[in-house]
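# Remarks on the overall topology
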Amino acid sequence: MIKFNSEKNIFTVETPNTALILQPDKDGRLRVLHYGKKISNPEEVFYILPTVDKYISSSEKRPLRAEFPTREKAYYAEPCTEAVFSDGAREVQLKYKSYIISKTDNGEKLEIVLEDRNYPFCVKLNYVIYDNIDLIDKNAEFCNTGDESIKLTRMKSGTLLPEWNRDFRLMTYAGSWGAEYKKQITQINQGRFCLENTRGTAGSHQNIPFFALDCGDADETKGNVWFGLFQYSGDFRIDFQKEFTGQLTVSAGVNDYDCDITLGKGESYVSPVFTTGFSANGYERMSETLYDYQYDVLLPQSKIKEIFPIIYNTWYPYEFDVDEEKCLGFIEKAKKIGAELFVIDDGWFGRRESDTLDGLGDWYCHKEKFPNGLRPISDKAHSLGMKFGLWVEPEMINIKSDLYKEHPEWVLENPKIERTQIRNQSILNLAREDVCEFIWETCDRIISEFNLDYLKWDMNAYFTEIGSNDGAFRIRYIENLYKIWDRINKKYPHVLLENCASGGGRADYGLGKYSDRVNRSDNSDPVDVLKLHEGFSTIFLPRLAGGAGNVATNPHHLNGRNTPLKYRAILGMTGSMSVGINILKSDEKELEEITSYIADFKKIRHITQNAYLYRLSSAFENNYTVWEYLARDRKNAVVFIFASGMNYRELVPFVKLRGLDKGKAYRVYGENEANPDSFRVVHGDALMDFGLYITPRGDYYAHKIRIEEV
Ligand code: DGJ
């Protein structure tokens, strides 16, 4: 609920368990009185604060606890907005002007207008809340209300101010290609820590635009956690600045690196969303809140309740070497093992033989590999009751392509500088409207011509030389990317879209919003996947966990590690399953085994795909990993256990389940591994307070236990 107390001039943005309390002070500066646990009488916070403020500000003439700081008075910290006005001046000084509270389809919205004290410029701050979700979505609209141009040089979406004067522990996920989501813990002291991307097209290989802060005392189920996600795939910047006053201000927005926006008369810029949240019950509650948000609000709602089909993808078995004969053979076998969606990955188009030469940009069938086009393959899949999907990388171009001959001006390059090509490819200037239209038309044509049920949109290069472009080019590139995905979703509400960027390069809520599946990583080695998946699923619903082959090849191509099929297959059940082994070369035994695992998965995926994932034993901390997947109705659960590299005769502590009803009885299937269909009936309190006894044995141990309310 959003309230305004006109007597005390206090805004309260309340979600079921949290509150953001804001107040324009007597000089019209919008300040944060509180963000955290809901407080029954928000006004009382205001009575306490002036005394504290007096103490910490002493003789400083500076705004305290600013919700949207600018370079005003003696304020030296990170501002949320900066601009250059027509007279060359740079002082943005904002004053509270007005507000609007309105209802939305699924919640409420508050708009607070801040007006510049001296120039025709205003910033509208938006706060959106959703029924039953403990999150606030913030963003800002920067408006030129005068006749002269204004150059916006900083355009952050908003801030999060946790409790005053505490020492904070910051959790983020950082890494690189094939090693995404490494948990990183940083102590925030006085000074600044910055999480950012400057690569243009994608940032999540290096830094996910996500953070969680606690005072060093939170764990999975206890303690205060403040968290945030910036919904953007391009250049972002999240600053954590702790001032001498003891206040930590987190500000998030589009990065001002190589970027500014000129606002002409009457023009405005609307920034991406900064999602902010607070949990008083540790990290698990944070993840639950993020799952609810994705399930109820963020993800394409036309598909979220459907079971995601099991994929057979050609990438790991054949890479670029796909052709009609192989694909027709694959479909038959894929159907037999129980796969439901056949995907032709890279290599089907133009003159594409490898990633070194040609093809990108020419989105028509490779004449030698597919002389009859793709329709016979699509028809065959459909006639067998399977879905059919295709890989594309439409933002990219090879210099040898026909498209380059036709439109050299569409490529991002500087003719005076030698091209730096990542994966031997160049990038189309998607900030141009004609390029945006070309990419949309290409996707539209391909989806309808080949009768696609699924499209995997890949992206494998970052900006290098971008040549002559205006300051807002980086922003328009990403905005146009989202426009195309939005159009595809609207025109084809049942075509499944996989967001892939060299694995997990776009594992963010910006493109995530339009995606049904997100490539978690190009690393599918099962031992590494334990950590990759735990990092990924802390933020994303388990169903989104994608990739070309979650049931990996063996030995694994990245590190040569050998693991049993059972281990790989059970791990493949923890996300949305895709089979990466070469079933044309599998012997009968392997085919039988994979068929039975797929059949097994079909019995539990209605529980797991949109479940709450509880990290009962973390892959980051122990050599045995235990994840409980609790269905949204809280009546069914699956407990997954993986272990490798255990020492001695290590015994595992009892595994205490969470989120069940202590008074209810449950059937527990699969404790007896030799007879997985046998069950015992146990009450919730025994499962939660006493726990399950698990005994991982041997190397690469994998097991699952199903729990069902009686
Ligand atoms: C990178 C992706 O992450 C892989 O899944 C695969 O599609 C290749 N690109 C194809 O080039």
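This structure is a prediction, so every number in the text was calculated from the model and none was measured.

## Re the site of the ligand
If you check the shell around the ligand, you find 14 residues, and the closest are Asp345, Asp346, Lys456, Asp458 and Asp522. Interatomic distance of 2.7 Å between a side-chain N/O atom of Asp345 and an oxygen atom of the ligand. Within the contact set of the ligand, an oxygen atom lies 2.5 Å away from a side-chain nitrogen or oxygen of Asp522. Residue composition of the shell around the ligand, by class: four nonpolar, four polar and six charged.

## Notes on the packing of helix α4 (residues 324–337) against helix α12 (residues 588–608)
When two helices pack together, their arrangement is captured by the angle between the axes and the distance separating the axes. In the contact formed by α4 and α12, the axes pass within 8 Å of each other and the chain directions differ by 55°. Judged by the angle between their axes, α4 and α12 are oblique. For the pair α4 and α12, contact is made by Lys333, Lys336 and Ile337 and by Leu591, Ile594, Thr595 and Ile598, respectively. Grouping the amino acids of the contact of α4 with α12 by side-chain chemistry returns four nonpolar, one polar and two charged.

## Some details on the sheet that holds strand β31 (residues 612–617)
In spatial order, the strands read β31-β32-β33-β36-β34-β35; together these six strands make up an open sheet with antiparallel pairing. Two strands close off the open sheet at either side, each with one partner strand: β31 and β35 (679–683). Each adjacent strand pair in this sheet contributes to an overall mean axis angle of 25°, direction not counted. Alignment of strand β34 (residues 665–669) against β35, held across five bridges, turns out to be antiparallel. Residue pairing across strands places Tyr669 opposite Phe679, the latter belonging to β35.

## Focus on the sheet that holds strand β1 (residues 2–5)
Pairing within the open sheet is antiparallel, and its four strands lie in the order β1-β2-β3-β4. Of all strands in the sheet, those with a lone pairing partner are β1 and β4 (30–37), marking the two edges. The mean angle between the axes of side-by-side strands here comes to 15°, regardless of whether they run parallel or antiparallel. Relative to strand β3 (residues 18–24), strand β2 (residues 10–14) runs antiparallel, the two being bridged by four bridges. Its bridge partner lying in β3, Phe11 is registered against Leu22.

## Observations concerning the domain arrangement of the chain
Domain assignment breaks the chain into domain 1 (2–298), domain 2 (311–396 + 439–461 + 482–609) and domain 3 (617–709). A separation of 30 Å is found between the C-alpha centroids of domain 2 and domain 3. In this assembly, 21 residues from domain 2 lie in contact with 22 residues from domain 3. Across the interface of domain 2 and domain 3, roughly 1,900 Å² is buried in total on both sides, 73% from carbon and sulfur atoms. On the domain 2 side of the interface with domain 3, the three residues burying the most area are Glu534, Tyr567 and Ile607, jointly 32% of the side's total.

## Topic: a positive patch on the surface
There is a patch of like positive charges on the surface, built from Lys26, Lys73, Lys95 and Arg117. With respect to the helices and strands, the residue Lys73 is situated in the loop between α1 (43–57) and β5 (81–84).

## Remarks on unusual backbone geometry
The step from Asn554 to Pro555 runs through a cis peptide bond, and the omega angle for that step is -10°. Inspection of the secondary structure assignment puts Pro555 in the loop between β29 (545–546) and α11 (565–572). A positive phi angle is found at Glu319, which is not glycine, with a value near 45°. Relative to the helices and strands, Glu319 resides in the loop between α3 (315–318) and α4. The backbone of Tyr700 sits at a positive phi, close to 55°, despite the residue not being glycine. With respect to the secondary-structure elements, Tyr700 resides in the loop between α13 (684–690) and β36 (701–709). Assessed through its relative accessible area of 23%, Tyr700 is described here as partly exposed.

## Digging into the side chain of Asn499
Tracing the backbone through its elements, the reader meets Asn499 in strand β27 (residues 496–499). From its side chain, Asn499 meets the backbone oxygen of Arg506 in a polar contact 3.0 Å long. Within the structure, Asn499 has its side chain in polar contact with the side chain of Ser515 (distance 3.5 Å). Setting aside residues no more than four positions away along its own chain, Asn499 makes contact with Trp457, Trp485, Arg506, Leu511, Gly512, Ser515, Arg517, Val518 and Asn519.

## Comments concerning the nonpolar core
Core analysis: the largest hydrophobic core is formed by 213 residues, its most contacted members being Phe142, Phe210, Phe342, Ile344, Trp348 and Ile488. Looking at which element gives the most residues to this core, the answer is helix α8 (residues 473–491), with nine residues. Those residues in contact with Ile488, other than ones at most four positions away along the chain, are Trp440, Cys443, Ile447, Leu455, Trp457 and Leu497.

The rules behind these values
- Residues numbered from 1 in each chain as written.
- Predicted model: local features only at pLDDT ≥ 70, side-chain atom pairs only at ≥ 80, totals over all residues.
- Heavy atoms only, no water.
- Near = heavy atom within 4 Å.
- Polar contact = N/O pair within 3.5 Å; in protein donor to acceptor, adjacent residues only side chain to side chain.
- Nonpolar A, V, L, I, M, F, W, Y, C, P; charged D, E, K, R; others polar.
- Axes fitted to C-alpha atoms, helices over the stretch in contact; angles between N-to-C directions.
- Helix = DSSP H or I, 4+ residues; strand = E, 2+ residues; numbered from the N terminus.
- Parallel < 35°, antiparallel > 145°, perpendicular 65-115°, else oblique.
- Contact = heavy atoms within 4.5 Å.
- Pairing = 2+ DSSP bridges.
- Domains from an automatic or database assignment.
- Buried area = accessible area lost by both parts, 1.4 Å probe.
- Patch = residues over 30% accessible without salt bridge, like charges linked within 9 Å, V, L, I, M, F, W, Y side chains within 5 Å.
- Areas by Shrake-Rupley, 256 points an atom, 1.4 Å probe, with all protein chains shown as cover.
- Salt bridge = Lys/Arg side-chain N within 4 Å of Asp/Glu carboxyl O.
- Lys, Arg positive; Asp, Glu negative; His and termini not counted.
- Charge placed at Lys NZ, Arg CZ, Asp CG, Glu CD.
- Buried < 20%, exposed > 50% of the residue type's maximum accessible area, 1.4 Å probe, protein only.
- Core = buried A, V, L, I, M, F, W, Y, C linked by side-chain atoms within 4.5 Å.

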